[in-house]
Amino acid sequence: MKIKTIECSQCHNINPSDSEFCQNCGEKINKRGKVKKKKNGRTAVIVLAILLGLMVAGAGVASYFVYNEITDLKYENNKKDNIIRSSESRINELKKEITDKTEQASKMERALRSVVFVGADEEGNPAEHYHSWDCRQFYTGNGYYAFNPGYAEYLGINPCPSCQK
């Protein structure tokens, strides 16, 4: 008498037909047929193709948003670069203007150094001392005269003891 057997679909071990589990690997035995059918490989390929398609589509959508973000950032950077260039240009203009004004101020100060100032009394007569423009003792309440130092001395006006040392 021949003993009925069944093959394990996992490890292909031959087991008695009344076995529920494979004696070799412990896999549940398929009782419908001699050999449990292997799954069709097409299903796995289809699933992988669908997953790959979804990944490609997701990558496309993500790259679209990344590209737009990069474009926006480049645009903002260009705007900021233009502002910086414009500001640098304005700064250079202002530096030149400061240099020009400093030169003018220096010329005016030299000119003021070559002039002396004499305060006037209530009747318009010159005071007895002449001063530089920045002397603290110089009073202009009733007006003042401006002379070169030689002319002031010619008129008999003496130098201020504080500012004309």
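Residues numbered from 1 in each chain as written. Predicted model: local features only at pLDDT ≥ 70, side-chain atom pairs only at ≥ 80, totals over all residues. Heavy atoms only, no water.

**Side note on the overall build of the protein**
Short version of the rule: Here a strand is any run of E in DSSP of at least two residues, a helix any run of H or I of at least four, and the numbering for each starts at the N terminus. Note that the radius of gyration is over C-alpha atoms, with the globule rule given as 2.2 Å times the number of residues to the power 0.38. Think of it in three bands: residues with accessible area under 20% of the maximum for their type are buried, residues over 50% are exposed, and the middle band is partly exposed, with areas taken using a 1.4 Å probe on protein chains only. Note on contacts: a residue pair is in contact if any heavy atoms of the two residues lie within 4.5 Å.
Counting its secondary structure elements, the protein contains two helices and six strands. If you list the helices and strands of the protein from N to C, you get β-β-α-β-β-β-α-β. For 165 residues, the compact-globule estimate of 2.2 N^0.38 gives 15 Å, and the protein exceeds it by more than 25% at 53 Å. With the C-alpha coordinates aligned to their principal axes, the bounding extent of the protein is approximately 160 × 30 × 25 Å. Counting the 165 residues in the protein, one finds 13% classified as buried. For the protein, long-range pairs separated by at least 24 residues make up 39% of all intrachain contacts whose partners lie at least 6 apart in sequence.

**A look at the nonpolar core**
Rule in force here: Joining through side-chain atoms within 4.5 Å is the link that ties buried Ala, Val, Leu, Ile, Met, Phe, Trp, Tyr and Cys residues into a set, and such a set is a nonpolar core.
Val116, Val118, Tyr130, Phe147, Ala152 and Ile157 form the largest nonpolar core, which has six residues in total. Excluding anything up to four places from it in sequence, Ile157 contacts Val118, Pro126, Ala127, Glu128, His129, Tyr130, Phe147 and Ala152.

**Concerning unusual backbone geometry**
Located in the positive-phi region is His12, a residue other than glycine, with phi close to 65°. Tracing the chain through its elements places His12 in the loop between strand E1 (5-7) and strand E2 (14-16). Note on His12: relative accessible area 40%, which makes it partly exposed.

**Considerations on the environment of Glu128**
Here Glu128 lies in the loop between strand E3 (116-119) and strand E4 (129-130). Glu128 gets classed as exposed once you look at its relative accessible area, which sits at 57%. Each C-alpha atom, one on Glu128 and one on Asn77, is 69 Å from the other, the two residues being 51 residues apart in sequence. Those residues within four positions of Glu128 in sequence are excluded, and the remaining contacts are Ile157 and Asn158.

Keep in mind these values describe shape, not function.
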